[in-house]
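Inside the fold
Take a look at the letters that make up each chain.
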Amino acid sequence: MNAAMEYKQIVGLAGKAAEELRAWERRRAEELDAEIAAAEAAVAEAREREARTVQGAQHWWRMAQDNVSRLPWLEVGADPAPAPHAYASRLDLYLREVKEAYQELVDAVLSLSWRARR
């Protein structure tokens, strides 16, 4: 094989390699775009879940304040703040626990009312 043929073959292989690299880079860019979009959607969903949880906790807190407002000997503390160490995967559990604690409070207040009537 002469030098011109070898050169032509090498240039052809280099061109093919460059084209394959560009195709791989395009595919990878599309994959990364999809991953970024999925991550952005996950963040948006997490923010929505967080907002719903905060609203739910605030709702139960306001109701608890209303229930104990008739007890002159009990002072209500400051509104609760979100726990920075909370796990996002447990938000539903946390809200369920707040609801259960609220129900215990209601039962306790009702129990006091019943005793007071005697």
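Preceding block: the structure.
**Topic: the overall build of the protein chain**
From N to C terminus, the protein chain includes two helices and zero strands. The C-alpha atoms of the protein chain give a radius of gyration of 32 Å, which is well past the 13 Å a tight globule of 118 residues would have. Across the 118 residues that make up the protein chain, the buried fraction comes to 9%. Partitioning the intrachain contacts of the protein chain with sequence separation of at least 6 by distance along the chain shows that 62% fall at a separation of at least 24. Only carbon and sulfur atoms are counted for the fraction: they give 58% of the accessible area of the protein chain, which is about 10000 Å². Counting 17 positive and 20 negative side-chain charges, the protein chain places the centres of these two groups 5 Å from one another.

**Some points on a nonpolar patch on the surface**
There is a patch of nonpolar side chains on the surface, built from W73, L74 and L112 and spanning about 310 Å² of accessible area. Here L74 shows up in the loop between α1 (3–68) and α2 (91–117). The class for L74 is partly exposed, based on a relative accessible area of 35%.

**Examining the packing of aromatic side chains**
A complete count under the given rule lists one aromatic pair for this structure. Note on W60 and Y102: the rings are 5.0 Å apart at their centroids and 45 degrees apart in plane angle, and the pair reads as tilted. Taken together, the positions of W60 in helix α1 and Y102 in helix α2 put the pair 42 residues apart, joining distant regions of the chain. Neither W60 nor Y102 differs from the other in exposure class; each is buried.

**A word on α1**
Here α1 is 66 residues long and its end C-alpha atoms lie 95 Å apart, about the 98 Å a rise of 1.5 Å per residue gives. By the burial criterion, the buried members of α1 are T53, G56, W60, A64, N67 and V68. The N-cap of α1, judged by a side-chain oxygen 3.1 Å from the amide nitrogen of A4 a few residues on, is N2.

The rules behind each value
Residues numbered from 1 in each chain as written. Predicted model: local features only at pLDDT ≥ 70, side-chain atom pairs only at ≥ 80, totals over all residues. Heavy atoms only, no water. Helix = DSSP H or I, 4+ residues; strand = E, 2+ residues; numbered from the N terminus. Rg over C-alpha atoms; globule rule 2.2 N^0.38 Å. Buried < 20%, exposed > 50% of the residue type's maximum accessible area, 1.4 Å probe, protein only. Contact = heavy atoms within 4.5 Å. Areas by Shrake-Rupley, 256 points an atom, 1.4 Å probe, with all protein chains shown as cover. Lys, Arg positive; Asp, Glu negative; His and termini not counted. Charge placed at Lys NZ, Arg CZ, Asp CG, Glu CD. Patch = residues over 30% accessible without salt bridge, like charges linked within 9 Å, V, L, I, M, F, W, Y side chains within 5 Å. Salt bridge = Lys/Arg side-chain N within 4 Å of Asp/Glu carboxyl O. Phe/Tyr/Trp six-rings, centres within 6.5 Å; stacked < 30°, edge-to-face > 60°. Expected span 1.5 Å × (residues − 1). Polar contact = N/O pair within 3.5 Å; in protein donor to acceptor, adjacent residues only side chain to side chain.

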